[in-house]
Amino acid sequence: MSAIFPKWTNKLPLMIIIGGTLTAGAVTAGVWYYFTPKYFRVGYQPIQPVAFSHATHAGQLGMDCRYCHSTVEKSWFSNIPSSSTCMNCHNQVLKDDPRLALVRESAATGKPIPWVQIHRVPDFVYFNHSVHVNRGISCVECHGRVDQMEEVYHAKSLSMSFCLDCHNDPASKVRPADKITDLGWTPSEDPNEAAKRQEAFGKKYVHDFRIESMNNCSACHR
Amino acid sequence: MSEVATHTKVPATPLELMREPLVANQRSFGWISDRVSAVTEGKTPKWWWAAFVPSLCLLGLLGAMLYYQIATGVGVWGNQHPTMWGWDIVNFVWWIGIGHAGTLISAILYLLRQKWRTAVNRAAEAMTIFAVMCAGIYPAIHVGRVWFDWWLFPIPTYQGLWPQFRSPLMWDVFAVSTYFTVSVLFWYVGLIPDLAMLRDRAKTKLKQFLFGLFSFGWTGSNRHWSNYEKAYLILAGLSTPLVLSVHSIVSLDFSVSQLPGWHTTIFPPYFVAGAVFSGFGMVLTLLIPLRSMCHLEDIITKRHIDVMCKVTLATGCIVSYAYIMEFIIAWYSGSAMERFHFMNRALGPMWWGWVMMMSCNMLVPQLFWFKKIRQNLVVVWILSIFVNIGMWFERFVIVVVGLYRDFLPSSWDYYKPTWVDVCTYLGTFGLFFTLFLLFMRFLPMIAVSEIKGVTPQADPHHPEAGATGGHS
């Protein structure tokens, strides 16, 4: 009987094994990289209705975050300031600037500016700002260097493992309570020295702030 | 040939020690190849279509039900507090139990050198695989959000979460997927020589190509056979513990919990016996009609049916023992909840489940004590269906009756399945029979190469050895 398959097909099993391994490897690597919040969330930067710049206000002008996000210490929720807050300055600064037209209109009519929300945890997660902010956790841990952003973007993944990484080891992240909104703050200019100091006072703050490592599921999924 | 081999005189076996041959009517090797291949090579019989079309419709029903359930949510089922496990788990355990005969026949009986297994192992293994597929549907969809099923596996995800390794539900994932993989491998390795036979007989280019592809270039050389035998033995060794482990672990889903009626040490062996019992029930249900439809009476002989009835009887007795023992344990434990549960099982509002289970699983198999009954295929077939029904009710009794009256009488509630439950269950029959019918139509339903090894003339001491044997 004549051969059904040409001779090269003898190499087929080897080719399938090698090809399969490569494909599986590529798929795994692809999923690993692309299918995580690190990839699909970080960098999200919607266009806001008003070209408000944190770099100008919080960076150059050195405004404290809490001037605008005033509830962040008292509530689970961090508010977005109403346009009357803006008008405290902008009824003098850039009074007639067209970029601020919407702000003025909103302040006059009371209709809020439709800011686009950037950070959001799913409904099944309970999150609380005041717990963190009052326990020496800075905005920068979860929002990145907002004071350098022209327009706010999603800087951290805010995935569950991101939350847990800190909950497992809060001592490496806590800082003095008055440095919470000082996003550029480090314990020292010198990185080695900084690590040493962080280790020293980290333990102390964890004790003083009575931080327990909240890892039970119901801390966040209530 | 026959001049070369000088037969040493072997004393003839006394008549009362003679066993009925495994292939009746002194069929030759060639006849066996022709007969089994005829099922796949001949024209599609009318009865096949008559069975296939309804199966396909039921399969469509399954698809529709799964779509509806996934799109809407698990609420379309009758599962409702306190009966949070309903038909989904009942059917899962039922199907997975049916999947036990295959590997038992192919692995354990192989290692025990039970030669009669060769006539039924291929079909039983196929049945196993398809039953496990039907079973696998249930855990996959009852989690609700099926697109997260991959969380069942220990994969490092961005939640930083691992599955709960202390949970028997987790062990189940491994047990069932291992079982499925090994069963498929075992079945496939056994198929290779027979696929090569079909390739060599094939008339069309397409068939030659397909069978050639799937027989991996089998030539029947000595080296191939020796590798094959080794692989088969290793797989048999691997599957043997699996036969026992899978249903033991399924039973742990229940017995590791703290619920009266579930929390018993008797469960693992009792579940394994029940699984083998139901598996053989299903093998009988399938093979009795098949052997006459496909004219395989000389290969699947009455002796085979007889032996399978005896296995059913033996395992039926083991489960009956377990049923009675459960009551004795409940009484002996002195635990009020445990006693209440068993009284409720027999006398509560769902007494009918228990009665069905006891009559089908305990009383019906007792009829297999009688040779007359074991030889009457119509009766055996009907009884085998009772075994299937009884085993379904056993799982119903364990799952639903175990739950619907919990510790808090105010939450007691009667359980009713919805039409979606019923249609999904019917649909799994569609999947099962569609696959099985495709299998028997397109693949050799009987292990041809192995069957030849157990014919009388394959025995080197047989006076006709080599004389009538053809090439395999």
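Quick caveat: nothing in here was measured; it's all calculated off a predicted structure.

### Observations regarding the overall build of chain B
And step 1. For chain B, the count of helices and strands is 16 helices and 0 strands.
And step 2. Scaling as 2.2 N^0.38, a compact globule of 472 residues should have a C-alpha radius of gyration of about 23 Å, and chain B matches this with 24 Å.
And step 3. Reported as C-alpha extents along the three principal axes, the dimensions of chain B are approximately 85 × 55 × 45 Å.
And step 4. Taken across its 472 residues, chain B has 53% of its residues classed as buried.

### With respect to the overall build of chain A
And step 1. In terms of regular secondary structure, chain A is built from 11 helices and 0 strands.
And step 2. In chain A, the succession of helices and strands from N to C terminus is α-α-α-α-α-α-α-α-α-α-α.
And step 3. The C-alpha radius of gyration computed for chain A amounts to 25 Å, which surpasses the reference 17 Å derived for 222 residues by more than 25%, pointing to a less compact arrangement than a globule.
And step 4. C-alpha atoms of chain A, sized along the principal axes, occupy 95 × 50 × 40 Å.
And step 5. Within chain A, buried positions represent 32% of all 222 residues.
And step 6. Nonlocal contacts in chain A, meaning residues at least 24 apart in sequence, comprise 69% of its contacts between residues at least 6 apart.
And step 7. Counting only carbon and sulfur atoms, one obtains 61% of the accessible surface of chain A, whose full area is about 14700 Å².
And step 8. Charge separation in chain A, taken as the distance between the mean sites of 23 positive and 20 negative side-chain charges, equals 6 Å.

### Some details on the packing of helix H3 (residues 87-98) of chain B against helix H14 (residues 377-403) of chain B
Residues and elements named next belong to chain B.
And step 1. Put simply, H3 and H14 touch, their axes get as near as 9 Å, and they point 140 degrees apart. Between H3 and H14, the angle is such that the two are oblique. Crossing of H3 over H14 shows right-handed handedness. In this structure, H3 contributes Trp87, Ile89, Val90, Asn91, Val93, Trp94 and Gly97 to the contact, and H14 contributes Asn388, Met391, Trp392, Arg395, Phe396, Val399 and Val400.

### Considerations on helix H15 (residues 419-442) of chain B
And step 1. The end-to-end C-alpha distance of H15 of chain B, which contains 24 residues, comes to 34 Å, matching closely the 34 Å that a straight helix rising 1.5 Å per residue would cover.
And step 2. Of all the 24 residues making up H15 of chain B, 17 are buried; the element is thus mostly covered by neighbouring parts of the structure.

### Description of unusual backbone geometry
Leaving glycine out, the prevailing phi sign among residues is negative, and the prevailing peptide bond configuration is trans.
And step 1. That bond from His81 of chain B to Pro82 of chain B is cis: its omega, 5 degrees, falls within 30 degrees of zero.
And step 2. By the secondary structure assignment, Pro82 of chain B is in the loop between helix H2 (46-72) and H3.
And step 3. At Leu158 of chain A, a residue that is not glycine, the phi angle is positive and equals roughly 55 degrees.
And step 4. You can see Leu158 of chain A is positioned in the loop between helix H8 (139-143) and helix H9 (160-168).
And step 5. The class of Leu158 of chain A is buried, set by a relative accessible area of 17%.
And step 6. For Phe216 of chain B, which is not a glycine, the phi torsion comes out positive at approximately 55 degrees.
And step 7. Relative to the helices and strands, Phe216 of chain B resides in the loop between helix H7 (205-214) and helix H8 (222-255).

### A closer look at the nonpolar core
Residue and element names in this part refer to chain B.
And step 1. Core analysis: the largest hydrophobic core is formed by 127 residues, its most contacted members being Trp95 and Phe254.
And step 2. Per element, the largest residue contribution to this core is 15 residues, and it comes from helix H5 (residues 117-142).
And step 3. In contact with Trp95, not counting residues within four places along its chain, are Ala131, Cys134, Ala135, Tyr138, Met282, Tyr425, Thr428, Phe429 and Phe432.
And step 4. Core analysis: the second largest hydrophobic core is formed by 11 residues, Ala107, Tyr110, Ala196 and Tyr228 among them.

### Structural notes on empty space enclosed by the protein
Residue and element names in this part refer to chain B.
And step 1. Tallying each qualifying case throughout the model produces 1 cavity of 30 Å³ or more.
And step 2. There is about 80 Å³ of room inside the largest cavity.
And step 3. Every residue along the wall of the largest cavity is listed here: Leu259, Pro260, Met337, Phe340, His341, Asn344, Val401, Gly402, Arg405, Asp406 and Phe407.
And step 4. Within the residue set of the lining of the largest cavity, elements represented by two or more residues are helix H11 (336-347) and H14.
And step 5. In the lining of the largest cavity, the residues fall into 6 nonpolar, 3 polar and 2 charged.

### Quick word on the environment of Phe209 of chain B
And step 1. Mapped onto the fold, Phe209 of chain B is located in helix H7.
And step 2. For the pair Phe209 of chain B and Arg199 of chain B, spaced 10 residues apart in sequence, the C-alpha separation works out to 7.8 Å.
And step 3. Sequence-distant contacts of Phe209 of chain B, that is, excluding residues within four places in its chain, are made with Ile4 and Phe5 of chain A.

### Quick word on the confidence of the model for chain B
And step 1. Averaged over all residues, the pLDDT of chain B equals 87, while 96% of them reach at least 70.
And step 2. Segment residues 466-472 of chain B: pLDDT under 50, and 7 contacts once partners within four positions in sequence are set aside and those in other chains are kept.

### Remarks on the side chain of Ser37 of chain B
Residues and elements named next belong to chain B.
And step 1. Looking at where Ser37 falls in the secondary structure, it is placed in helix H1 (residues 29-41).
And step 2. Since its relative accessible area comes to 1%, Ser37 is described here as buried.
And step 3. Other than its neighbours up to four places away in sequence, Ser37 contacts Met197, Leu198 and Arg201.

### Observations concerning a nonpolar patch on the surface
All names here are of chain A.
And step 1. A cluster of nonpolar side chains, Val27, Val31, Tyr33, Tyr34, Phe35, Tyr39 and Phe40, forms an exposed patch at the surface whose accessible area comes to about 740 Å².
And step 2. Counting residues per element, the ones that place at least two in the nonpolar patch are helix H1 (12-34) and helix H2 (37-40).
And step 3. Per-element accounting of the nonpolar patch gives the leading share, 4 residues, to H1.
And step 4. For Tyr33, the position within the fold is in helix H1.

### Concerning the packing of aromatic side chains
Residue and element names in this part refer to chain B.
And step 1. For the structure on display, the rule yields 55 aromatic pairs over all chains.
And step 2. Seen from their ring centres, Phe254 and Phe271 are 5.9 Å apart, and the 45 degrees between their planes marks the pair as tilted. Residue Phe254 is located in helix H8, and its partner Phe271 is located in helix H9 (residues 267-293); the two are separated by 17 residues in the primary sequence. Here Phe254 matches Phe271 in class, with each residue buried.
And step 3. For the pair Phe432 and Phe433, a centre-to-centre distance of 5.2 Å together with 85 degrees between the ring planes defines the contact as edge-to-face.
And step 4. In this structure Phe432 comes out as buried when scored by relative accessible area, which is 0%.

Thresholds applied
Residues numbered from 1 in each chain as written. Chains lettered and ligands numbered in written order. Predicted model: local features only at pLDDT ≥ 70, side-chain atom pairs only at ≥ 80, totals over all residues. Heavy atoms only, no water. Helix = DSSP H or I, 4+ residues; strand = E, 2+ residues; numbered from the N terminus. Rg over C-alpha atoms; globule rule 2.2 N^0.38 Å. Buried < 20%, exposed > 50% of the residue type's maximum accessible area, 1.4 Å probe, protein only. Contact = heavy atoms within 4.5 Å. Areas by Shrake-Rupley, 256 points an atom, 1.4 Å probe, with all protein chains shown as cover. Lys, Arg positive; Asp, Glu negative; His and termini not counted. Charge placed at Lys NZ, Arg CZ, Asp CG, Glu CD. Axes fitted to C-alpha atoms, helices over the stretch in contact; angles between N-to-C directions. Parallel < 35°, antiparallel > 145°, perpendicular 65-115°, else oblique. Left-handed = near helix turned anticlockwise from the far one by under 90°. Expected span 1.5 Å × (residues − 1). Core = buried A, V, L, I, M, F, W, Y, C linked by side-chain atoms within 4.5 Å. 1 Å grid on protein atoms, 1.4 Å probe; cavity = no way out; pocket = protein on both sides within 12 Å on 5 of 7 lines; lining within 4 Å. Points joined across faces, edges and corners; volume = space filled by probe spheres on them. Nonpolar A, V, L, I, M, F, W, Y, C, P; charged D, E, K, R; others polar. pLDDT = per-residue confidence, 0-100. Patch = residues over 30% accessible without salt bridge, like charges linked within 9 Å, V, L, I, M, F, W, Y side chains within 5 Å. Salt bridge = Lys/Arg side-chain N within 4 Å of Asp/Glu carboxyl O. Phe/Tyr/Trp six-rings, centres within 6.5 Å; stacked < 30°, edge-to-face > 60°.

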